[in-house]
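Notes for the structure review
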Amino acid sequence: MSSEYVVLEKHPGIRKHVKSGRYQAKKKIGNKQYAETFDSLRDAIYWRNTFNGERKLTAPDEGEKKTSTLGHVWGKMQELHFPSLELSTQLIWKRRFEQLENLTDFHMEDITSKVINEWIEEKKKYYLSDKYEGLSRGRARRCNLYNELNLFTCIFNWYKSEDIFEEESAMLINPIRLRHKKMAFIRDTPVKPEDRKIPVGAAFKFFSAFNNELYADLAMAQFFCAGRISEIAGIQISNIYLEEEYILIKDVVVWANKNKMFEYLKPFPKNRETRRVHIHPWLRAIIERRLKARVPGCNYLFHVDGKPLNYCTIQVNYRGAQKRCGIPYRGTHCLRHGMATLARKVGGQGLDSVIAMTGHKDLKLADHYSKIDGEVQRDTSLKVLEYIRQLGLYESETEKYTNVIPLRSMK
């Protein structure tokens, strides 16, 4: 019996996972062994009493196994690899692995392409069921299983690269196939607003709608710095050089996934590169206002009574201002998109200005943040019409066809 589970003597066929606290129920019908994992003991008992043999995803028990179970590999990955990851990444991966927990008893050699097929079908059956639809999740419904497939690939690649699994994993190949991504589609994702790039006029209308000077300054600083909100909330006074006229965007606030409360200060941005932001007169005025509210012992430029800002409070203030001024732009990231687009316009439509402002290393990402294809197409099309008019072609061609009877008017 695996040490990862504790057998429940009062409930035959049910055991409890030591780490996750979930219950695994097993039931043999005919010559087949079935297993299912549940969040509560009550659900596990109910399944044992009512399950009638409908096909479920189960790990084969026959034969001697040469490889570790997925559950064991996942445990080792958390032990050896997770310390090198951001805490937020660890939490996201753990949440995604919950969808893979009914594969934890499978040995890695038994997780074949066919097993992945069955796993996807089982998950899709639930997410398309009336039971799931009855949860009334609205737009937050499950749309696909892409992230879970990517996580399995990540686990498998780590498993193949680790020395402790080198011998047993040498002959294995990743069971994920191209068709699995097509199979993993459940429903269309909700359409998000295409234009997240707030224009400069709407941005200043937004700034003027704040009731609280702290959050108005925060929003303006985010816009001028073209930063992520976590970078601006994490600005340290010690990284501000007024005489040299620049700020170091270095420290970043990390908020908890569940309650959006301050968790810790990370000493580097998302791309792990510190960048400098020039302090122009308007940004200087913001900094000087915030320095007047400085609290002894607090190194944060933006704070509430010496404590770092919580994301939930930022959201409340941003949404309130956005609603009061009546702009269609929502969230905090639209300011970063807006400044990226503005930098591209005033910088001659090249990406150098965008990269300098946002700190992106990837040209494709910088282009995505500042894309102005629609505006360029509009301006170009108007210039084309003007050029045609200057040649005198438009008038002559329209006069030529004035006596032509349109086909739709003929019987």
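Provided above is the structure to which this section pertains.
A brief report on the enclosed structure follows. What you see is a predicted model; the values in this text were computed from it and never measured.

Here we come to the sheet that holds strand β5 (residues 240–241). Strand order across the open sheet formed by three strands is β5-β6-β9, with antiparallel pairing between neighbours. Strand pairing shows two members of the sheet lacking a second neighbour, β5 and β9 (275–278), which therefore form its edges. Both β5 and strand β6 (residues 246–249) contribute to a ladder of two bridges, which runs antiparallel. Note that in β6 the partner of Tyr-241 across the bridge is Tyr-246.

Another aspect to go through is the sheet that holds strand β1 (residues 5–7). Ordered by their spatial adjacency, four strands build an open sheet running β1-β2-β3-β4, and the pairing between neighbours is antiparallel. The sheet terminates laterally at β1 and β4 (32–38), the two strands that pair on one side only. For this sheet the average axis-to-axis angle between neighbouring strands, irrespective of direction, equals 30°. In terms of strand pairing, strand β3 (residues 23–29) meets β4 through seven bridges, oriented antiparallel. For Tyr-23, the partnering residue across the bridge sits in β4 and is Phe-38. Against the sheet, helix α1 (residues 41–50) makes contact with β2 (14–17), β3 and β4, and its axis sits at roughly 5° relative to β3, the strand it touches most.

Between two aromatic rings, the relevant description is the distance of the centres plus the angle of the planes. Counted according to the given criterion, the structure contains 24 aromatic pairs. Both rings, one in Phe-206 and one in Tyr-318, keep their centres 5.5 Å apart while their planes meet at 65°; by these two values the pair is edge-to-face. Taken together, the residues Phe-206 in helix α9 (residues 200–207) and Tyr-318 in helix α13 (residues 311–325) connect sequence positions 112 residues apart. Take Tyr-318: its relative accessible area is 1%, and that puts it in the buried class. Within the aromatic cluster, the residues linked to one another by ring pairs are Phe-204, Phe-206, Phe-207, Phe-210, Phe-223, Phe-224, Trp-282 and Tyr-318. Across from the ring centre of Tyr-127, 5.2 Å away, lies the NZ or CZ of Arg-142, which sits over that ring. The lysine or arginine in question, Arg-276, covers the ring of Tyr-246, its NZ or CZ lying 3.7 Å from the ring centre.

Rules behind the numbers
Residues numbered from 1 in each chain as written. Predicted model: local features only at pLDDT ≥ 70, side-chain atom pairs only at ≥ 80, totals over all residues. Heavy atoms only, no water. Pairing = 2+ DSSP bridges. Helix = DSSP H or I, 4+ residues; strand = E, 2+ residues; numbered from the N terminus. Axes fitted to C-alpha atoms, helices over the stretch in contact; angles between N-to-C directions. Contact = heavy atoms within 4.5 Å. Phe/Tyr/Trp six-rings, centres within 6.5 Å; stacked < 30°, edge-to-face > 60°. Buried < 20%, exposed > 50% of the residue type's maximum accessible area, 1.4 Å probe, protein only. Lys NZ or Arg CZ within 6 Å of the ring centre and 35° of its normal.

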